[in-house]
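# Tertiary structure, described
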Amino acid sequence: MRQVVVTGGGTGIGRAAAAWFAARGDAVTIVGRRKDVLDQAAAGTGATAVVCDLTSPDEIESALPHFPDRVDVLVNNAGGNTDLSVPAGGGGDGSQLSHVAQRWRANFDANVLTAVLMTTALDSRLNDGARVITIGSIAAKTGATSYGAAKAALEGWNVSLATSLGPRGITANVVSPGLTMDTEFFQGKLSDERYERLVAATRTGRPGSPDDIVAAIGFLASTEAGHVTSQVIHVNGGAYSGH
Ligand SMILES: NC(=O)c1ccc[n+]([C@@H]2O[C@H](COP(=O)([O-])OP(=O)(O)OC[C@H]3O[C@@H](n4cnc5c(N)ncnc54)[C@H](OP(=O)(O)O)[C@@H]3O)[C@@H](O)[C@H]2O)c1
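Here the structure is a predicted model, which means the values were calculated and not measured.

It is worth spelling out the overall build of the protein at this point. In terms of regular secondary structure, the protein is built from eight helices and seven strands. Its C-alpha atoms give the protein a radius of gyration of 17 Å, within 12% of the compact-globule value 18 Å for 243 residues. Viewed in the frame of its principal axes, the protein has a C-alpha envelope of about 50 × 40 × 35 Å. Restricting to contacts in the protein with at least 6 residues of sequence separation, those with at least 24 account for 72%. Separation of charge centres in the protein, based on 19 positive and 23 negative side chains, amounts to 3 Å.

Below you can see the structure in the form of C-alpha cells.
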C-alpha cells in the first residue's frame, strides 16, 4: 500500500486526487486549513486529515507527527490566487507600494512556500522511487500578475528539486492546469464573460474538470513514469500550447 500525501485535499482538484488514490487502495493523508472541510472529504475516502497552514514553518513542524513515516507520493496541490480574496475596494490603493508588496507576498506564500516547505519537511521520509507532483498553472505562461509569477517560480524550483531527488530514483514534476471547474478556486468571482473567453481559448471547447488533472497526476505517480522528471505537463485543452 502506497502512502500518499495530498495538500489542499479537502476541495477541488486535491479532493479528486485524494479520492482517486484512495479508490486504488493507497493510504491517503490530506492537508488543509479548514478542519470541517477536511473531515467531510476524509469521511468519503477514509483519508487521514491533517489541519495545517502550509505557509507556516511552525505549524508544519507541529503537524509532522501526523504525517506518515514513509511517503511514496506527495501531491503539492494547495494554493490559489490570493488576489481573489481581497475584497473589492478593501485592499487599499493598488499604487501604494506596501499594498503591492503585501499582495505579491501572499501569492508567493500560498503557492510557492506551501510546496517548498511541505516538500522540505517530508524530504527525509520520501521513499526511494517516490513521486513529487506539484500543481502549477497556465497562469505561469499566460500571466496573472503575482499569481502567475508565483506559479512560474514553482517551475524553476521543480527543476532543482528533480536534480536533488533524481539520485534516489524520485521524480519531480509540475502538472499545470488551465481553467478547471468544480473547485473553490474562483470563489464565485468568475464572470460569464471571462468563462466564455477562457473556454473559447481551448481547442476542446470546454473547461477542464478535476478528473482531467487527476489523470495526469495518476500517470506521473505510476511506476511506469519513472523516467519522466523535471517536466511541466500542461492540461488545458490546448489553451496554451506548451513549449
Ligand atoms: N481551478 C482552476 O481553474 C485552476 C487552474 C490552474 C491551477 N489551479 C491550481 O490548482 C490547485 C488546486 O486548486 P483548486 O482549483 O482545486 O481550488 P480550491 O478548491 O480552492 O483548492 C485549493 C485547496 O488548497 C488549500 N489551501 C490553500 N492554501 C493553503 C494553505 N496555506 N495551507 C494548506 N492548505 C491550503 C485549500 O484549503 P483551505 O482553504 O481549507 O486551506 C483548498 O482545499 C491550486 O494550486 C491552484 O492554484 C487551479
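Below, the discussion takes up the packing of helix H4 (residues 97-122) against helix H6 (residues 145-165). Angle between the axes and distance between the axes are the two parameters that describe a pair of packed helices. Their axes nearest at 8 Å, the elements H4 and H6 cross at an angle of 25°. With respect to each other, H4 and H6 are oriented roughly parallel. Crossing geometry of H4 relative to H6 is assigned as right-handed. Within the contact between the two elements, H4 uses Arg-103, Trp-104, Asn-107, Phe-108, Asn-111, Val-112, Ala-115, Val-116 and Thr-119 and H6 uses Thr-145, Ser-146, Tyr-147, Ala-149, Ala-150, Lys-151, Ala-153, Leu-154, Trp-157 and Leu-161. Looking at the contact of H4 with H6 residue by residue, the classes come out as twelve nonpolar, five polar and two charged.

What follows covers the pairing of strand S6 (residues 171-177). Counted residue by residue, S6 has seven buried out of seven residues, so it is predominantly covered. Neither face of S6 is open: one carries Thr-171, Asn-173, Val-175 and Pro-177, the other Ala-172, Val-174 and Ser-176, and all of them are buried. Sheet topology note: the strand S5 (residues 126-135)/S6 ladder contains five bridges and is parallel. When the bridges of S6 are listed, Ile-133 appears paired with Asn-173. Here four bridges tie S6 to strand S7 (residues 232-235), and the two strands are oriented parallel to one another.

A separate point is the pattern of salt bridges. Any two side chains of opposite charge can pair, on the condition that their charged atoms come close. For the structure on display, the rule yields eight salt bridges. Residues Arg-103 and Asp-83 are paired through a salt bridge, measuring 3.1 Å at the closest nitrogen-oxygen approach. Residue Arg-103 is located in helix H4, and its partner Asp-83 is located in the loop between strand S4 (71-76) and H4; the two are separated by 20 residues in the primary sequence. Taking relative accessible area as the criterion, Asp-83 reaches 17% and is therefore assigned buried.

Okay, helix H2 (residues 35-45) next. Among the residues of H2, Val-37, Leu-38, Ala-41 and Ala-42 are the ones counted as buried. The buried residues of H2 all sit within an arc of 125° when viewed along its axis, so they share a single face. Turned more than 90 degrees off the buried face of H2, the exposed positions are Asp-36, Gln-40, Ala-43 and Gly-44. Just downstream of H2, Gly-46 is the residue with a positive phi angle, here 80°.

Turning next to the site of the ligand. If you check the shell around the ligand, you find 30 residues, and the closest are Thr-11, Ile-13, Arg-33, Arg-34 and Tyr-147. At 3.3 Å from an oxygen atom of the ligand is found a side-chain nitrogen or oxygen belonging to Thr-183. Its free accessible area being 870 Å², the ligand has 94% of it covered by the protein chains. The set of elements that each furnish at least two residues to the shell around the ligand consists of helix H1 (12-23), H4 and H6. In terms of residue class, the shell around the ligand is made up of ten nonpolar, 15 polar and five charged.

The rules behind each value
- Residues numbered from 1 in each chain as written.
- Predicted model: local features only at pLDDT ≥ 70, side-chain atom pairs only at ≥ 80, totals over all residues.
- Heavy atoms only, no water.
- Helix = DSSP H or I, 4+ residues; strand = E, 2+ residues; numbered from the N terminus.
- Rg over C-alpha atoms; globule rule 2.2 N^0.38 Å.
- Contact = heavy atoms within 4.5 Å.
- Lys, Arg positive; Asp, Glu negative; His and termini not counted.
- Charge placed at Lys NZ, Arg CZ, Asp CG, Glu CD.
- Axes fitted to C-alpha atoms, helices over the stretch in contact; angles between N-to-C directions.
- Parallel < 35°, antiparallel > 145°, perpendicular 65-115°, else oblique.
- Left-handed = near helix turned anticlockwise from the far one by under 90°.
- Nonpolar A, V, L, I, M, F, W, Y, C, P; charged D, E, K, R; others polar.
- Buried < 20%, exposed > 50% of the residue type's maximum accessible area, 1.4 Å probe, protein only.
- Pairing = 2+ DSSP bridges.
- Salt bridge = Lys/Arg side-chain N within 4 Å of Asp/Glu carboxyl O.
- Arc of directions from axis to C-beta.
- Near = heavy atom within 4 Å.
- Polar contact = N/O pair within 3.5 Å; in protein donor to acceptor, adjacent residues only side chain to side chain.
- Areas by Shrake-Rupley, 256 points an atom, 1.4 Å probe, with all protein chains shown as cover.

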